[in-house]
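Structure assessment
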Amino acid sequence: METMLGVTFLASEYVIDCVDGGRIDSLGLDENGAPVIVEYKRGTDAGVINQGLYYMAWLMNHKDAFRSLVRDRLGVSAASQILWSAPRLICVAGDFTRYDAHAVREHRRSIDLVRYQYFGSDHFALETVASVTGHSAGAKRMRRRAVGAPSARNQGSTVSELAQAVEEALLGLGGGVTRVQRKQYTAFQRLRNFACVCPPQQTKILVSLKADPNAVELIPGFTRDVTGLGHHGTGDLELQLRKEQDLERARDLFRLSYAVA
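Computed from a predicted structure; not experimentally measured.

Of the regular secondary structure elements, the protein holds nine helices and twelve strands. With 261 residues in all, the protein has 45% of them scored as buried. For the protein, the proportion of contacts with a sequence separation of at least 24, taken over those separated by at least 6, is 55%. As presented, the protein carries roughly 13,500 Å² of accessible surface, and 49% of it is formed by carbon and sulfur atoms.

This next bit is on the side chain of aspartate 112. When you line up the elements, aspartate 112 lands in strand E5 (residues 110-119). Here arginine 88 takes part through its side chain, which lies 3.1 Å from a polar atom of the side chain of aspartate 112. Reaching out from aspartate 112, the side chain makes a polar contact with the side chain of serine 131 at a distance of 2.6 Å. Setting aside residues up to four positions removed in sequence, aspartate 112 forms contacts with Arg88, Leu89, Ile90, Cys91, Ala130, Ser131 and Leu191.

As a further point, take the environment of alanine 86. You can see alanine 86 is positioned in the loop between helix H4 (76-80) and strand E4 (88-93). Along the backbone, alanine 86 and valine 36 are 50 residues apart, and their C-alpha atoms lie at a distance of 9.2 Å. When neighbours within four sequence positions are excluded, alanine 86 is seen to be in contact with Ala34, Pro35 and Val180.

The next point concerns helix H9 (residues 244-260). Every α-helix carries 3.6 residues per turn, so stepping three or four residues along brings you back to the same face. Its 17 residues place the ends of H9 25 Å apart at the C-alpha level, agreeing with the 24 Å of an ideal helix rising 1.5 Å per residue. Of all the bends in H9, the greatest, near 40 degrees, is centred on alanine 250. All of the buried residues in H9 are Asp246, Leu247, Ala250, Leu253, Phe254, Ser257 and Tyr258.

Turning next to the nonpolar core. Tyr14, Ile24, Leu27, Ile37, Phe66 and Leu113 are the most contacted members of the largest nonpolar core, which has 32 residues in total. Where this core is concerned, the elements lending two or more residues are strand E1 (7-15), strand E2 (23-30), helix H2 (48-61), helix H3 (63-74), E4, helix H5 (98-104), E5 and strand E6 (123-132). Top contributing element to this core by residue count: H2, with eight residues. Membership of the second largest hydrophobic core comes to 24 residues, among which are Leu170, Val197, Leu247 and Leu253.

We now examine the packing of aromatic side chains. For any pair of aromatic rings, geometry is given as the distance between the ring centres together with the angle between the planes. Going through the model one piece at a time under the given rule, you end up with six aromatic pairs. Considering the side-chain rings of tyrosine 116 and tyrosine 118, the 5.7 Å spacing of their centres and the 75 degrees angle between planes classify their relative orientation as edge-to-face. Look at tyrosine 118 and you get exposed, because its relative accessible area is 56%. Ring-pair connections join several aromatic residues into one group, and the members of that group are Tyr116, Tyr118 and Phe124. If you follow arginine 190 out to its NZ or CZ, it ends over the ring of tyrosine 258, 4.0 Å from the centre.

Another point: the pairing of E2. Taken residue by residue, a regular strand's side chains alternate between the two faces of the sheet. Most of E2 sits out of view: seven of its eight residues are buried. Relative to E2, E1 runs antiparallel, the two sharing seven bridges. If you follow valine 7 over to E2, its bridge partner there is aspartate 30. The pairing of E2 with strand E3 (residues 35-41) spans four bridges and is classified as antiparallel. From the neighbouring strand, leucine 27 faces E3, where its bridge partner is isoleucine 37.

Moving on, we come to the layout of surface pockets. The space that makes up the second largest pocket amounts to roughly 400 Å³. Along the wall of the second largest pocket there are 21 residues; nearest its centre are Asp30, Glu31, Asn32, Gly33 and Tyr185. Elements with a minimum of two residues in the lining of the second largest pocket: E1, E2 and H4. Of the residues belonging to the lining of the second largest pocket, the class tally is six nonpolar, nine polar and six charged.

Cut-offs and rules
- Residues numbered from 1 in each chain as written.
- Predicted model: local features only at pLDDT ≥ 70, side-chain atom pairs only at ≥ 80, totals over all residues.
- Heavy atoms only, no water.
- Helix = DSSP H or I, 4+ residues; strand = E, 2+ residues; numbered from the N terminus.
- Buried < 20%, exposed > 50% of the residue type's maximum accessible area, 1.4 Å probe, protein only.
- Contact = heavy atoms within 4.5 Å.
- Areas by Shrake-Rupley, 256 points an atom, 1.4 Å probe, with all protein chains shown as cover.
- Polar contact = N/O pair within 3.5 Å; in protein donor to acceptor, adjacent residues only side chain to side chain.
- Expected span 1.5 Å × (residues − 1).
- Bend = angle between axes of the 7 residues up to and from the residue.
- Core = buried A, V, L, I, M, F, W, Y, C linked by side-chain atoms within 4.5 Å.
- Phe/Tyr/Trp six-rings, centres within 6.5 Å; stacked < 30°, edge-to-face > 60°.
- Lys NZ or Arg CZ within 6 Å of the ring centre and 35° of its normal.
- Pairing = 2+ DSSP bridges.
- 1 Å grid on protein atoms, 1.4 Å probe; cavity = no way out; pocket = protein on both sides within 12 Å on 5 of 7 lines; lining within 4 Å.
- Points joined across faces, edges and corners; volume = space filled by probe spheres on them.
- Nonpolar A, V, L, I, M, F, W, Y, C, P; charged D, E, K, R; others polar.

Here's what the structure looks like:
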């Protein structure tokens, strides 16, 4: 799950305690600490989305049970930082219909439809068919707080405008890009994070990318290998952007990270 979906595994065949019962195929936490339900189906199954949404409703009504699971598996710190404003449902199946892709757009949850395909007996691939970002009230409140935060409000217009341009560049890389707001950073993800942007500093913006630092030319003051170093967000390649020209030369690295996410 972590390699293919960017989700830390918590439990499988998780029995939920409710009137109708049921078993959640897999539970996990994504790279931003958001709860994730993963449902698997062979072939095409029109009921996978509704089943997943049923489990999602149970999850949001039983936060203490999920929090206890996270605490038992990952510790107290992880349990205290769960991102409840952005729960996700990932449906993995042999295929989906056009009606499935339309249906997920009618819901207010973050839902990814992922198609699997085998290549012989030793390899398989996952392909995102549709990805929809949830719009919970909590997420909206977090975005409003982020926009009005003193650390961003007091920056010069140049850095503020650069931060907005960086966000537009990352969101414009392709379909299915999701923006997730955390206190320490803003993540941009497909199935997995491909970029994390820290709040603007006085003179620069820090962006962490999933691109391999060993595969790019490292330029002092612009790119840095932060593998094994403590930093906010995910990704081992750090960019330091100070002016519009930095953003222009960062675009190829944005695309590289987007492609590997």
